[in-house]
Structures are given as C-alpha cells and as structure tokens.
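# Chain and residue survey
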Amino acid sequence: MRIISRLDRVMADRKMSVNELSRRIEISPVNISRIRTGRIKAIRFSTMMKICKELNCQPGDLFEFDPDGVDPNAETDE
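Below you will find a few notes about this structure.

Procedures and definitions
- Every chain's residues receive numbers from 1 upward, in the order its sequence appears when written.
- Confidence filtering applies because this is a predicted model: local features only for residues at pLDDT of at least 70, side-chain atom pairs given and counted only at 80 or more, and all residues used for totals across whole chains, interfaces and linings.
- Side-chain descriptors were evaluated using all non-hydrogen atoms of the structure, hydrogens and water having been removed beforehand.
- For this analysis, a nonpolar core means a set of buried residues of the types Ala, Val, Leu, Ile, Met, Phe, Trp, Tyr and Cys, connected via side-chain atoms within 4.5 Å.
- Each residue's exposure class comes from its accessible area (1.4 Å probe, protein chains only) as a fraction of the maximum for that residue type: buried when under 20%, exposed when over 50%, partly exposed otherwise.
- What counts as a helix is a DSSP run of H or I of at least four residues, what counts as a strand is a run of E of at least two, and both are numbered from the N terminus.
- Grouping into patches uses exposed residues only, defined as over 30% relative accessible area, and leaves out salt-bridged ones; the cut-off is 9 Å for like charges and 5 Å for nonpolar side chains (Val, Leu, Ile, Met, Phe, Trp, Tyr).
- To measure how exposed things are, a 1.4 Å probe is used in the Shrake-Rupley method; for residues, cover is taken only from the protein chains shown.
- The salt bridge criterion pairs a side-chain nitrogen of Lys or Arg with a carboxyl oxygen of Asp or Glu, the two atoms within 4 Å.
- Note on definitions: a residue-residue contact is assigned when non-hydrogen atoms from the two residues lie within 4.5 Å.

Turning our eyes to something else, we now look at the nonpolar core. If you look at the biggest cluster of nonpolar residues, it comprises 16 residues, and the most contacted ones within it are Leu7, Met11, Leu21, Ile32, Ile51, Leu55 and Leu62. By residue number, the principal contributor to this core is helix H4 (residues 45-55), which donates four residues.

It is worth spelling out a nonpolar patch on the surface at this point. Among the surface-exposed residues, Met1, Ile3 and Phe65 lie close enough to one another that they form a single nonpolar patch of about 370 Å² accessible area. By the secondary structure assignment, isoleucine 3 is in strand S1 (residues 2-5). Since its relative accessible area comes to 54%, isoleucine 3 is described here as exposed.

Time to look at the pattern of salt bridges. Inspection of every chain in the model, using the stated rule, returns five salt bridges. Here arginine 23 makes a salt bridge to glutamate 20, at a shortest N to O gap of 2.7 Å. A residue pair is termed a helical-turn pair when its members lie 3 or 4 positions apart in one helix, as arginine 23 and glutamate 20 do in helix H2 (residues 18-25) at three residues. On the basis of relative accessible area, arginine 23 is assigned to the exposed category, the value being 55%. The closest approach of N and O atoms between arginine 24 and glutamate 54, which form a salt bridge, is 2.8 Å. Of this pair, arginine 24 sits in helix H2 while glutamate 54 sits in helix H4; the two residues are 30 residues apart in sequence, bridging distant segments of the chain. With relative accessibility at 28%, the residue glutamate 54 sits in the partly exposed group. A cluster of three or more residues bridged by salt bridges with shared partners is formed by Glu20, Arg23, Arg24 and Glu54.

Relative to the elements of secondary structure, isoleucine 27 occurs in the loop between H2 and helix H3 (29-37). Considered as a pair, isoleucine 27 and threonine 47 are 20 residues apart in the sequence and their alpha carbons are 8.2 Å apart. In this structure, isoleucine 27 is in contact with Ser22, Ile32 and Thr47, ignoring residues within four places of it in sequence.

Structure below.
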C-alpha cells in the first residue's frame, strides 16, 4: 500500500511553480518538493490546509491511495 502525491499535477493545472507556492504559503521550496515527490512520511494538517487554500483544491486532489502499490519509503527487514 502507498499514498501517491498528486501535488505536482494540481500545481501544473494551476500553472504554479514550487517557488511561487512556497512564497505564498511560507513553506520552504525543499519541503514543497518533498511533498510533490512523495518523499515524506507525514504532513501536518495546517500545511495541507494552506496548500488546499492556495490551490483551491481538496485534500483528495493532492493524494491518492494505491492499495496494490509498493511504498518506496517503507522500511524492509533485510
């Protein structure tokens, strides 16, 4: 199972760059990029609310659940 970030798609639909979104919601461009690429383990509701408000979207627009996908961030027992 995994959660897929769709932030890049929503940002492209709104023609907004990482730097522009970062400036508007006062979150570092690095953290925006991490969310876009799915390299996060958690996201604060306050951050998600800022993103949704600025991009005029719903949380479900930003993330997709893939029950059959393999989580690249999951720890393995090796």
